[in-house]
Amino acid sequence: MTYDFLQHYWWFIVSLLGALLVFMMFVQGANSVLFSLSGKNEDELRLITNSTGKKWEITFTTLVTFGGAFFASFPLFYSTSFGGAYWVWMIILFTFVLQAVSYEFQHKLGNLLGARTFQWFLVINGIAGPLLLGMAVATFFNGSNFIVEKANIFGEASPIISRWANASHGLDALLNGWNWIFGLAVFFLARILGILYVINNVDNASIRRRGTVRLVGNFVPFLVFFIVAVVYILLKDGYAFDPVTGEIFIEPDKYFNNFCQMWPLAVTLLAGVTLFLFGCMKTIFSATYTRGIWPAGIGAVLAVLSLLLCAGWNDTAYYPSTADLQSSLTIANSCSSEFTLTVMFYVSLLVPFVVGYIAYVWRKMG
């Protein structure tokens, strides 16, 4: 195993976890349409929250695992993004805390705020979580405003090697229109997956009937935002680096070139989109089909995985800096030591057992 192989391997692991996290955000998606799916009927509200309440811990565990894997394999990204753009990440984490508290306390005896307040907290998490996570992922293609100075590690006065170039600490991502396009695409994707999950998991004719209608209403805007986002990625200039010198430069049509040169990723993207469309369309046009979450979910994982791999493989800077081009992060200049990645490689062989455990818990919890 070469150092280069380990870097690419761990970018694959991180990308896979990110893709699985997007799929697992069906919990947030279902929360965002909670009142719409239930018609504000208390019994139906409880059916939906009981169903998603059995899965939210898996989503949160996936989020923590994703962050942990990123920290261990690419610590410079973790310190730059999580340490610099902390306002965005704090808002995301706060909404997930709201979710956890809401599931725990909304039906507790003596609840002073009332169940409806906690249900609105679930809606807030369902809207803000996917939207902000989508905008954070968009910075992999659009860049962020940070500066990296590795020489500072030897400075006694300020041994901080990365810093945000302005006082917004990540909130400047909200001012980029293309980040909103990505964020809205992920937001509507989460809603679609959430609706498909509820249709599959909640055996209630009224909820399923409303779900099919809401599915159409969310599928159309998702398709628009997704197509615009993908076309934008394929046509925009990207950030490449010289593997010998480490110099970072702008390459025209970089991401389109990546898909051409790594054609299996293009095939994976097309396969993912096809599966997703199949799951959605069959659910819309077949009144008896309720298993759309599985082809659509697998398709979402494949599509997101291919986009994330395109952002980091083939000598691409996966976290570009808009403040200083040479500060942009790559899998080569931001990764852990070869020894660390090697040890982690053998630990990662346990991942199939973790996946098996998640599948077991999923089935047991219904």
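To start, this report covers the structure provided alongside it. (Residues numbered from 1 in each chain as written. Predicted model: local features only at pLDDT ≥ 70, side-chain atom pairs only at ≥ 80, totals over all residues. Heavy atoms only, no water.)

What about the packing of aromatic side chains?
Right, so step 1: Applying the stated criterion to the full structure yields 41 aromatic pairs.
Right, so step 2: Ring centres of F66 and F70 lie 5.5 Å apart, and the angle between their planes is 75°; on these two criteria the pair is classed as edge-to-face. Of this pair, F66 and F70 both sit in helix α5 (residues 56–73), four residues apart, which is roughly one turn of that helix. Each member of the pair F66 and F70 is classed as buried. (Phe/Tyr/Trp six-rings, centres within 6.5 Å; stacked < 30°, edge-to-face > 60°. Helix = DSSP H or I, 4+ residues; strand = E, 2+ residues; numbered from the N terminus. Buried < 20%, exposed > 50% of the residue type's maximum accessible area, 1.4 Å probe, protein only.)

So, helix α6 (residues 75–84)
Side chains that are three or four residues apart share a direction in an α-helix, a result of its 3.6 residues per turn.
Right, so step 1: Those residues of α6 lying buried are L76, F77, T80, S81 and G84. Angularly, the buried residues of α6 cover 105° about the axis, an arc narrow enough to put them on a single face.
Right, so step 2: Structurally, α6 contributes buried residues whose contacts are with α5, α7 (86–105), α8 (115–142), β1 (146–148) and β2 (162–164). (Arc of directions from axis to C-beta. Contact = heavy atoms within 4.5 Å.)

Looking at the pattern of salt bridges
Right, so step 1: Evaluated as defined, the whole model comprises five salt bridges.
Right, so step 2: Among the ionic pairs, E42 bridges to R116, the shortest N-O distance being 2.4 Å. Of this pair, E42 sits in helix α4 (residues 42–53) while R116 sits in helix α8, and the two are 74 residues apart along the sequence.
Right, so step 3: Overall, R116 belongs to the partly exposed group, its relative accessible area being 31%.
Right, so step 4: D203 is the salt-bridge partner of R208, the closest N and O atoms lying 3.4 Å from each other. (Salt bridge = Lys/Arg side-chain N within 4 Å of Asp/Glu carboxyl O.)

A look at a nonpolar patch on the surface
Right, so step 1: A cluster of nonpolar residues, Y86, W87, M90, I91, L93, L171, L174 and W180, forms a patch on the protein surface that exposes about 690 Å² of accessible area.
Right, so step 2: If you tally residues by element for the nonpolar patch, the top one is α7, at five residues.
Right, so step 3: Among the secondary structure elements, Y86 is positioned in helix α7.
Right, so step 4: Residue Y86 is classed as partly exposed on the basis of its relative accessible area of 31%. (Patch = residues over 30% accessible without salt bridge, like charges linked within 9 Å, V, L, I, M, F, W, Y side chains within 5 Å. Areas by Shrake-Rupley, 256 points an atom, 1.4 Å probe, with all protein chains shown as cover.)

Notes on unusual backbone geometry
Right, so step 1: We note that H169 has phi near 50°; this positive angle belongs to a residue other than glycine.
Right, so step 2: One can find H169 in the loop between β2 and α9 (177–201).
Right, so step 3: Relative accessible area serves as the criterion here: at 23%, H169 is assigned to the partly exposed category.
Right, so step 4: Despite not being glycine, D315 shows a phi value in the positive range, around 55°.
Right, so step 5: With respect to the element layout, D315 can be found in the loop between α13 (293–312) and α14 (338–348).

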